[in-house]
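Observations on chain architecture
Residues per chain are reported as follows:
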Amino acid sequence: MGKDFIKDLNEAQQKAVLAFKGPSLVIAGAGSGKTRVLTYRIAYLLSQDIPPGSILALTFTNKAAREMKERIGRLVGPERARYLWMGTFHSVFSKILRREGHLLGYPSTYTIFDTTDSKSLVKKIIKELDLNDQIYKPGEVYGRISSAKNNLITPQAYFSSAQLMEMDKRTRRPRIADIYKLYALRCKKSNAMDFDDLLLNLYILIRDFPEVLARYQEQFRYILVDEYQDTNYLQYRIINQLSSRYKNICVVGDDAQSIYSFRGARIENILNFKHDYPDYHLFKLERNYRSTRNIVGAANSIIARNRDQISKKIWSKKEAGEKVKLIRATTDNEEGYLIANLIQDAVYAHQLHHQDIAILYRTNAQSRIFEEALRKLNIPYKVYGSLSFYQRKEIKDLLGYFRLTVNPYDEEALRRIINYPARGIGQTTLSRLEEIAASRDKRIWDILLSMDDYAGVFNQGTIRRLKAFAALINGYRENLQTMEAFDLAYSIAESSGIMKDLHYENSPENLSKWENLQEILNGIKEFVETQDQAEDTTLDSFLQSVSLLTDADSEKEEDRDKVTIMTAHSAKGLEYRFVYVTGLEEELFPSRMSSNTREELEEERRLFYVALTRAMEQVTLSYANTRYRWGVPVNSVPSRFIREIEPEYMDQPFEENPDEPYRPTWKFSQKKVESVPVTTEKMKRMKPVSRTSAPSPSGIHFTADDPAEIQAGMQVEHPRFGQGKIINLEGEPPNRKATVFFKEHGQKQLLLKFAKLKIIR
DNA sequence: GACGTTGTCCTTTTT
DNA sequence: GGACAACGTC
Ligand SMILES: Nc1ncnc2c1ncn2[C@@H]1O[C@H](COP(=O)(O)OP(=O)(O)OP(=O)(O)O)[C@@H](O)[C@H]1O
């Protein structure tokens, strides 16, 4: 088989690809082609006739896995790429647990609890234990449980860890261990695993069943891990076990991009590699292929300030390019407005597609401002948010029915839908059901199946309603074996009353919800069609894979060419021609929560480094002097990170106290203060601080398009009226007349030969 | 038990 | 400014 593709790589990269036997560590800075090495290494393995099924490749996101697979498919043919074991730790392990989970007492149809399910269960347990949820905050308790799991601490181990128990005592939460134990028990009773269980259970599986371990060691003779700096202890142990027989393991990473310590990621995993595999090969890549020299220089100057790091050279042969720009805004809203305008201008000036642009920030709450600003200018965008499409209420409701059908012991799903749509089963009934189940060591579903035994406990009507509900779910269950996943899902959506509930009131919100449900159904169809194994085309398999998807993973075709708005964390591994890093203020980026120790601050700095190095051609930084926090304006100070960039890479020197058109000096009272209204006109007059090569605002260098090209439906721009849409055209040239609807100025009739219209799309 | 209104807390970051 | 729990009324 041809392996000419190797010449797509530089010499250092080639070496890392060709050394495919034995342990390899690739450690290199941003944009140096680590992911590319991993991709080509897999392609090379395939070209050496290594069966795809014996290669396990773990990536950080499902999207990265999909793209890598596609790339490999182009290099060595899609047929071979298809059967690779490739995906995130969670998704690959969830598939293994489908097959092997029975050894640990889980059915293959187990439910995956998402964070919301987990927190809601924790909260419930806290209530049941009669603990104060002010002290035992569900989110925090769940965090403790999660980090325990990721450090391989089971409930028993938690109880016997003097250190943990001591710490909980000191924080006046001595009963976290009890909550943890109950939580684990209840998940198990619900036939459910949370995200961390997917890792923990896989570990337990290979620890307690040596024959299973041996089988997977035999199968996965080649193991590759991307973004290794962000693996946690549990992941490390699993990889270590799986690779211990053949030791054909290749990990790639960059300690300077480790940004997930909050979920247990350990840079030490990279450092330990040489101890675990003393005969390892080390590969360093130094040439950055992504960014211009100024961007690489700026990023290097930032990361050099960290004490904890493996020193690395990184250089670019690309042109020097533009320097880093800085935008100062008076308010957060203005920040949104200015960035949106810059984007609009940059698209024209630099021939950008919208997909070449990303806006990054530290917290998800910042997205709203940019969404509004972009929407106003009609710039298409997509948000990679923390709550994905599958977390929306109407979606979770429908999925709740699917979940209950597949696994009726899933109590989170049951609680969610037993009374949606309303069927007269309220809180009182539900509590009683839970009580009965708990007192008899049974599960709610067991009680529902034997309602006749509880004639004395519930009244007639309630019994009838509960029986009807159980019969409904049982009816669906009977079809599990016989019906196709899509048909079953469709019939559930129709007959459960969910669709009807949305049709009942014809509001726009309901219409959009209805469309979302349709999308889920289509999603099932597509899922079934794209599975490689017949055993994976079931509804339970769909549910499992869907709970591990993020927004970025499940992008639709029509969303491709849009500006991406997301956190710096989500941007890891991605690249864009133009990048806007926003909200660079003290207490925000770096976050207030992580400004206490040097270690925390260094991680924030790494995050900033990640953000900068996503850019290929241009970086723009921004901050606002005033930002609304919980509806209250708060003054803010520019981030230290701006100052930390070597001035030679900055467009203009950063002035600590520049002249500002507006700077509130008064103290904010508790009462909500009216924000100073900044009118559109006012904002238009304000110039961004960054001036070099900043494209002129539309209207000054306005060039009209040929009127003959204008057609109905087009988006156009008028020098005075702004953006609008062509509603209608009438008459013959040269007296052709257009009806245009302008967003700001309403409907106008214009003669094309006079109106200077620019076609936007 | 359903539904609407008020009040509280919230913001790191994600599989 | 928004999500969600708690409260009150029908
Ligand atoms: N030898 C090469 N020739 C041309 N382009 C290359 C080469 N190596 C890498 N690139 C390009 O450089 C960019 C960065 O590569 P890649 O994403 O693999 O780097 P990385 O080290 O994984 O980056 P990061 O750690 O920042 O995510 C990509 O656009 C890639 O196509």
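Heads up: the structure comes first, above all this text.
Looking at the pattern of salt bridges
By the definition in use, this model includes 48 salt bridges. The partner of D651 in a salt bridge is K325, with the nearest N and O atoms 3.8 Å apart. Taken together, the residues D651 in the loop between α28 (640-644) and α29 (680-685) and K325 in strand β11 (residues 325-331) connect sequence positions 326 residues apart. Overall, the relative accessible area of 7% leaves K325 in the buried class. Counted as one network, the salt bridges with shared partners bring together K124, E128, R186, E412, R415 and E434.

Notes on the packing of helix α7 (residues 138-150) against helix α11 (residues 195-208)
The contact between α7 and α11 brings their axes to 9 Å, and the two run at 25°. Our classification of the angle between α7 and α11 gives roughly parallel. For the pair α7 and α11, the crossing hand works out as left-handed. On α11, the residues that touch Y142, S146, K149 and N150 of α7 are D196, D197, L199 and L200. Grouping the constituent residues of the contact of α7 with α11 by class yields three nonpolar, two polar and three charged.

Looking at the pairing of strand β2 (residues 55-59)
Burial runs high along β2: five of the five residues are buried. The alternating pattern of β2 places I55, A57 and T59 on one face and L56 and L58 on the opposite face, and all of these are buried. Bridge analysis of β2 against strand β3 (residues 85-88) gives four bridges, and the strand direction is parallel. Its bridge partner being in β3, L56 is matched across the sheet by W85.

Looking at the sheet that holds β2
Reading across the sheet, the six strands line up as β3-β2-β6-β7-β1-β8 and stay open at both edges, with parallel pairing between neighbours. In this open sheet, the two strands that pair with only one neighbour each are β3 and β8 (281-285). Across this sheet, the average inter-strand angle for adjacent strands is 15°, counted without regard to direction. As defined by bridge partners, strand β1 (residues 24-28) adjoins strand β7 (residues 249-253) across four bridges and the pair is classed as parallel. What sits directly across from L25, in β7, is V251. Across the sheet, helix α14 (residues 268-276) is in contact with β1 and β7; its angle to β1 comes to roughly 140°.

Topic: the packing of helix α15 (residues 293-303) against helix α27 (residues 598-612)
Contact geometry for α15 and α27: axes closest at 9 Å, N-to-C directions at 175°. One finds that α15 runs roughly antiparallel with respect to α27. For the pair α15 and α27, contact is made by I295, A298, A299, I302 and I303 and by R605, R606, F608, Y609 and L612, respectively. By residue class, the composition of the contact of α15 with α27 is eight nonpolar, no polar and two charged.

Digging into α15
With nine of eleven residues buried, α15 is to be regarded as a mostly interior element. Turning to α15, its buried residues are N294, I295, V296, G297, A298, A299, S301, I302 and I303. On the buried face of α15, the contacting elements are β9 (287-288), β10 (315-316), α27, β16 (615-629) and α28.

Focus: the packing of aromatic side chains
Geometry of an aromatic ring pair is reported as the spacing of the ring centres plus the angle between the planes. Applying the stated criterion to the full structure yields 19 aromatic pairs. Considering the side-chain rings of F527 and F542, the 5.4 Å spacing of their centres and the 75° angle between planes classify their relative orientation as edge-to-face. Remark: F542 occurs in helix α26 (residues 539-546) and F527 occurs in helix α25 (residues 508-530); sequence separation between them is 15 residues. Side by side, F527 and F542 carry an identical accessibility label, which is buried. An aromatic cluster of at least three residues, connected via ring pairs, comprises F20, Y44 and Y222. The ring of Y260 has R263 sitting right over it, with the charged end atom 4.6 Å from the ring centre.

Some thoughts on the environment of K525
Mapped onto the secondary structure, K525 falls in helix α25. On the accessibility criterion, K525 (39% relative accessible area) is partly exposed. A C-alpha to C-alpha distance of 27 Å links K525 and T564, two positions 39 residues apart in sequence.

Looking at the protein's contact with DNA strand B
Neighbouring residues of DNA strand B: 26 residues in total, closest R362, N364, T428, T550 and M593. For DNA strand B, the backbone makes up 49% of the atoms found within 4 Å of the protein, where backbone means sugar plus phosphate. Between a base oxygen of DNA strand B and a side-chain N or O atom of H90, the distance comes to 3.3 Å. A distance of 2.7 Å separates a phosphate oxygen of DNA strand B from a polar atom in the backbone of N364. Grouping the constituent residues of the surface near DNA strand B by class yields six nonpolar, 17 polar and three charged.

Observations concerning the nonpolar core
Judged by nonpolar contacts, the single largest core of 51 residues is most densely connected at L399, F402, L448, F469, I520 and I524. The element contributing the most residues to this core is helix α18 (residues 393-406), with seven residues. Discounting residues that sit within four places of it in the chain, F402 has contacts with A489, I492, I520, L521, I524, L539 and L543. Of all hydrophobic cores here, the second largest spans 43 residues; its members include F93, L199, L213 and I223.

Rules of the game
- Residues numbered from 1 in each chain as written.
- Chains lettered and ligands numbered in written order.
- Predicted model: local features only at pLDDT ≥ 70, side-chain atom pairs only at ≥ 80, totals over all residues.
- Heavy atoms only, no water.
- Salt bridge = Lys/Arg side-chain N within 4 Å of Asp/Glu carboxyl O.
- Helix = DSSP H or I, 4+ residues; strand = E, 2+ residues; numbered from the N terminus.
- Buried < 20%, exposed > 50% of the residue type's maximum accessible area, 1.4 Å probe, protein only.
- Axes fitted to C-alpha atoms, helices over the stretch in contact; angles between N-to-C directions.
- Parallel < 35°, antiparallel > 145°, perpendicular 65-115°, else oblique.
- Left-handed = near helix turned anticlockwise from the far one by under 90°.
- Contact = heavy atoms within 4.5 Å.
- Nonpolar A, V, L, I, M, F, W, Y, C, P; charged D, E, K, R; others polar.
- Pairing = 2+ DSSP bridges.
- Phe/Tyr/Trp six-rings, centres within 6.5 Å; stacked < 30°, edge-to-face > 60°.
- Lys NZ or Arg CZ within 6 Å of the ring centre and 35° of its normal.
- Near = heavy atom within 4 Å.
- Polar contact = N/O pair within 3.5 Å; in protein donor to acceptor, adjacent residues only side chain to side chain.
- Core = buried A, V, L, I, M, F, W, Y, C linked by side-chain atoms within 4.5 Å.

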